[in-house]
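# Examination of the molecular architecture
Chain by chain, the residues:
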Amino acid sequence: MFQLDLRGDKPLYLQLRDALRARILSGELPPGKLPSSRELAQAMHLSRGTVDEAYRYLMEDGLLETRRGLGTFVLPTARAQAAPSGLKGLDWESMITPSARRFTHYREEVGRMERPAAGVISFASLAPDHHVFSAEAFRKAMNDALAREGGVLLNYGYVPGYEPLRGYLKEYLGSKGIDFAGQQLLITNGFRQGVELVLRTLVEEGETVFVEAPCYNGVLGLLKSRGARIVPIEMDGQGMSAQALERALQKERPKLIYCVPTYQNPTGLNMSFERRERILSLCAQYGVPVLEDGFSEELRYRGESYPALKAMDRSGVVIYAGSFSKVLFPGLRVGWVVAPEALARYLLNEKYNEDIHTAVLQQAGLYEFCRRGHLERHLRASRALYRQRMETMLSELERQFSDIAHWPRSDGGFSVFVSFDEGVDTRRLLKAARRSGVLYVPGDVFYPDGRGKNSLRLGFSRLECDKIVEGMARLRRVFREELGI
């Protein structure tokens, strides 16, 4: 007998099929005769048609057969093969590769900081606020795209991406000054897949990559999993230090430089125009490609606006990766890479090797959404909301922490990076902060060499202003109670 959910959404014949299949494959129902559909229906107070339909599915699966005049039987071939007694399972832990260990250790550590308990005010996340998502407009766009193109959107897609969306993105990025002459655009499953494709194409295990210090921890994780040698390049108030970069380039030539010039994660810094020119000049002089992360260019709330490195690049050294994840719908996992054609050829085949293509239906829905002007309307509303939250965050920082900390001016993005005296250990304070109902990301997560223990990142994008005020008050109490400052 099986317990079926008479009020559930799943049809009874499928519930019965699954219950029978599980018992057959586990060996609980051995080869032999089953009750007739009439007998089982009576015993379980079901219609005979429900049992007949469940049996029919199991026959199609090759688990049952009907013998004329004899009844329905479980086939011998359906019996599960039990492991011989006395044998142990595989020692999976000993089989894990060093790169998988590195990444898993890193990811689990960061993941613990990103999962707040109930009642905790979390400054750890940099995700957009889902309450402002234009869900209904996107639903209509998806429905219309599917109605227009039908089953085509459910078949295999074009590896570089859905052509109408690629055309839209080229026009969108072209309006930012990016020239597509000699360039290719590849649509990816989010920004991180784009970075992965670039790393797999250009960086072997043990080879050197230069990054900003501090650096976006998601890319640090990808570099660690790749087994790359990560060299941090110091930052100042204008972004990555050109002098520090030049000194490092004089010592060795990396395979790649990674940076976020616009509203950098975690600092929120906007690299000056002069610094962008100097970084590009150094990359061209030393023949080193730079991977530009354009994740937050749309998140400008005030201050000056500068072109992307890719728009300024005249030497062909910039690979540009981006997505709408921070300003639109991160759940879609749609990103892109713009790269010189000679490199894009290899990125394209790495993409095919990994997953063939990004989901076509999602791309079509996103294209329809953007084509109708919803993206611009969403950006306008989002900027107003996040500007208010950033200003609240900066105001509360000034009120609560100006006597013991400093932070760079931020004109956009989703975070502020706060630094304290060298004696302060924000990682050690994290447990006390969690007990007090507030959460942040300690600064050492953003450095490949363990520095940054006296700093922390505060994200404000998912918190309403009253929560920011309360969270900052809680955090200040932690510093007073634990450190006496």
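Refer to the preceding data block for the structure.
Residues numbered from 1 in each chain as written. Predicted model: local features only at pLDDT ≥ 70, side-chain atom pairs only at ≥ 80, totals over all residues. Heavy atoms only, no water.

For the rest of this paragraph, the subject is the sheet that holds strand β16 (residues 455–459). Spatial ordering of the open sheet is given by β13-β16-β15, a layout of 3 strands whose pairing is antiparallel. The two strands at the open ends of the sheet, each matched to only one other strand, are β13 (415–419) and β15 (441–442). Here β13 pairs with β16 via 5 bridges, running antiparallel. Along β16, the bridge assignment pairs Ser419 with Ser455. (Pairing = 2+ DSSP bridges. Helix = DSSP H or I, 4+ residues; strand = E, 2+ residues; numbered from the N terminus.)

Any two aromatic rings considered together are summarised by their centre-to-centre distance and by the angle between their planes. One pass over the structure, following the stated rule, counts 15 aromatic pairs. Ring geometry for Phe133 against Phe329: centres 5.3 Å apart, planes inclined by 75°, an arrangement best described as edge-to-face. Here Phe329 lies in the loop between β11 (318–323) and β12 (335–340) and Phe133 lies in the loop between β4 (121–122) and α6 (135–149), a separation of 196 residues in the sequence. Aromatic rings pair up to connect Phe133, Phe138, Phe329 and Phe369 into one cluster. Between Arg17 and the ring centre of Tyr57, over which it is positioned, the NZ or CZ distance is 5.2 Å. Taking NZ or CZ as reference, Arg67 lies 4.0 Å from the ring centre of Phe73, over its face. (Phe/Tyr/Trp six-rings, centres within 6.5 Å; stacked < 30°, edge-to-face > 60°. Lys NZ or Arg CZ within 6 Å of the ring centre and 35° of its normal.)

This part covers the sheet that holds strand β3 (residues 71–74). Read across the open sheet, the 3 strands follow the order β1-β3-β2; overall the sheet is antiparallel. If you trace the sheet from one side to the other, it starts and ends with β1 (32–33) and β2 (64–67), each paired once. Taken together, the 4 bridges between β2 and β3 define a ladder with antiparallel strand orientation. Across the sheet, the residue bridging to Glu65 is Phe73, located in β3.

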